[in-house]
Amino acid sequence: MKLDQYLQELTAAKREVLLGRDTADPLHQAFASKRVVHAGLIGGPIPPAEQQRAYQEALGRPADLNRQHALYIHIPFCQTKCLYCGFYQNASRQEVEDTYVKALLGEIQMEAKSSQLEKTAIDCVFIGGGTPTSLSAANAAALLQTIQQSFRLAENCEVTLEGRIHDLVPEKIETWLQHGVNRISLGVQSFDTTLRQRIGRIDTREEVLKRLQLLKSYDVTVIVDLIYGLPGQTMDMWMRDVQTLAEADVDGMDLYQLNIFPGGPLDKAVKNGAVPACADIAGQADMYVTARDYLLGEGVERLSLCHWRRTKRERSLYNTMAKAGADVYAFGCGAGGHFGGISWMNQRNLTAYQQDWEKGQKPIMMAGHQVEAKLGRICDGIISDLEKGFVDFRRLLIADSRLEELEQVLSLWKERGLLAEDLGIYRLTKAGEFWYISLTQSLVECVQVLLDEEAEAPAEEINGKTTDVLDEVLAEMLPEANAAKRQELASKIPAAVRMMLRRSSKEKLRNMLAGMPAAMREKMLAKAGV
């Protein structure tokens, strides 16, 4: 499809969603809101009845040695539930944790000797969550030993453990390091005691700094995350956090924009007055730029638009590889990965995960085909480059001459102050850096329109059409819901998943939705109000 035709078919409102606004203040007003949390494309869905076969077929083929390879392990437990978090799954209880770890180790061992994994060098391991550091020392040791024994880890493999400050005690730290962890990423979010307690964090500023100092007495790379836009967080509070972190003896830092999940705990707490208001999008933009300018002025090296390092120890391999198209082998309740032409997410419910493992099958909740290989490579390159702040238009033309049409989009963003161009390299301005996720998602969708002859999904997604197979199947499931209610329901499905579903036949989509776990279907019906 020609890009001109695609853009002309969009309503004015939907064109604004895709391309942004023509405004004299691009930093604060280029888009109404951030389009997605993570940019990317998803191919067509795999019906539930075919998912196990598709996964095992991919697992039975040798790995693609032209790619890098990563492991992702998910630990779905937290000691406490933070107000802002949209990823909380389960409270941490020892008996439940013990049962889970047994199943997790079984899932790993069940696949480690496959043709896909047995001889494949693993470049990095990321243990995320949840709160992986909440695992007991014994369970952490068992997991790390299993990883070391089951896979061929590259000589300089980066092994990251995500966690929280409160778990930094000598017994746990020494267990992690003894069994191969060489990078620890901590979700501090803020050093301010009042703000931390407001969002459900436990330790005071003094305790956080004390435990960080303890961790740095060991030989390990330390990364700290901060969030801007938290409830009641002023610019002074934010910059005090950034300055504290810049002066702390850590190797790297992530500065993340707060995401308020509609209907989530934080959204409800703000609306009922339980906590102060969060910074609006313009306030978040100011926080981003102020921190950016400060860190660059202090000589802190930037690895991506939100990730910084103070020492060369920090490599950030998992994030870099995953966004550049590496194969990701995923294990655990709620984990997601992609390799061999498929992508999938494991069961998010512990009981469903356990039951699937006991049957000897991969605990898949949903799966899809990855987009066509060439399209995937080009989009991976765009995502990776924009993470670093630029688009190489020359390289896109070499990849496929049809992408010449992207120049109209890039030139439009240049006119609007989001990009600056130099000999075919389009670099993000400060305003473009703040909005880079929206720019990235829009650009890869335009690439899909140009390269994928069957790519009606983005156009339908942007236009919000209801006369498609997704709406028809929802109408069958929810006969009492009118078109507006079905549209509202569809909007609650993550955009990338929605786009994937709309590319299915009616029969496949009906089977997929009918095959949902009962709890998930009940949740959907409850959201529909029927």
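Residues numbered from 1 in each chain as written. Predicted model: local features only at pLDDT ≥ 70, side-chain atom pairs only at ≥ 80, totals over all residues. Heavy atoms only, no water.

Going by what an unreviewed UniProt entry lists, the protein is known as Putative coproporphyrinogen III oxidase and is assigned to Selenomonas ruminantium subsp. lactilytica.

A. Structural detail: the overall build of the protein. Tallying secondary structure elements over the protein gives 25 helices and 17 strands in all. Split into buried and exposed, the 530 residues of the protein put 54% on the buried side. Counted over contacts in the protein with a minimum sequence separation of 6, partners at least 24 positions apart contribute 74%. (Helix = DSSP H or I, 4+ residues; strand = E, 2+ residues; numbered from the N terminus. Buried < 20%, exposed > 50% of the residue type's maximum accessible area, 1.4 Å probe, protein only. Contact = heavy atoms within 4.5 Å.)

B. Spotlight on the packing of helix H15 (residues 373–387) against helix H19 (residues 436–451). Where H15 meets H19, the closest approach of the two axes is 10 Å, and the angle between their N-to-C directions is 160°. The orientation of H15 relative to H19 falls into the category roughly antiparallel. Relative to H19, the crossing made by H15 is right-handed. Counting all contacts with H15, which are made through Leu 375, Ile 378, Cys 379, Ile 382, Ile 383, Leu 386 and Glu 387, the residues of H19 involved are Tyr 436, Thr 440, Leu 443, Val 444, Val 447, Gln 448 and Leu 451. Classifying every residue of the contact of H15 with H19 gives 11 nonpolar, 2 polar and 1 charged. (Axes fitted to C-alpha atoms, helices over the stretch in contact; angles between N-to-C directions. Parallel < 35°, antiparallel > 145°, perpendicular 65-115°, else oblique. Left-handed = near helix turned anticlockwise from the far one by under 90°. Nonpolar A, V, L, I, M, F, W, Y, C, P; charged D, E, K, R; others polar.)

C. Structural detail: the sheet that holds strand E15 (residues 390–392). Spatially, 3 strands are ordered E15-E17-E16 in an open sheet, and the strand pairing comes out antiparallel. Only two strands of the sheet have a single neighbouring strand rather than two, namely E15 and strand E16 (419–422). Ignoring strand direction, the axes of neighbouring strands in this sheet form an average angle of 20°. For E16 and strand E17 (residues 425–428), the ladder comprises 4 bridges, and the chain directions are antiparallel. Its bridge partner being in E17, Asp 422 is matched across the sheet by Ile 425. Helix-sheet contacts for helix H17 (residues 407–415) involve E15, E16 and E17, and the interaxial angle to E16 is about 115°. (Pairing = 2+ DSSP bridges.)

D. Spotlight on the pattern of salt bridges. In the structure shown here, the tally under the stated rule is 31 salt bridges. Glu 405 is the partner of Lys 2 in a salt bridge, and the nearest nitrogen-oxygen pair spans 3.6 Å. Here Glu 405 lies in the loop between helix H16 (393–399) and H17 and Lys 2 lies in the segment before helix H1 (3–9), a separation of 403 residues in the sequence. Arg 402 serves as the salt-bridge partner of Asp 400, at 2.9 Å between the closest nitrogen and oxygen. For Arg 402, a relative accessible area of 39% translates into the label partly exposed. Among the charged side chains, a network of salt bridges with common partners joins Arg 292, Asp 293, Arg 302, Lys 430 and Glu 433. (Salt bridge = Lys/Arg side-chain N within 4 Å of Asp/Glu carboxyl O.)

E. Quick look at helix H4 (residues 48–59). A rise of 1.5 Å per residue sets the reference length of H4, with its 12 residues, at 16 Å; its end C-alpha atoms lie 17 Å apart and thus fit the reference within 8%. Turning to H4, its buried residues are Gln 51, Ala 54, Tyr 55, Ala 58 and Leu 59. Viewed along the axis of H4, the buried residues span an arc of 130°, placing them on a single side of the element. (Expected span 1.5 Å × (residues − 1). Arc of directions from axis to C-beta.)

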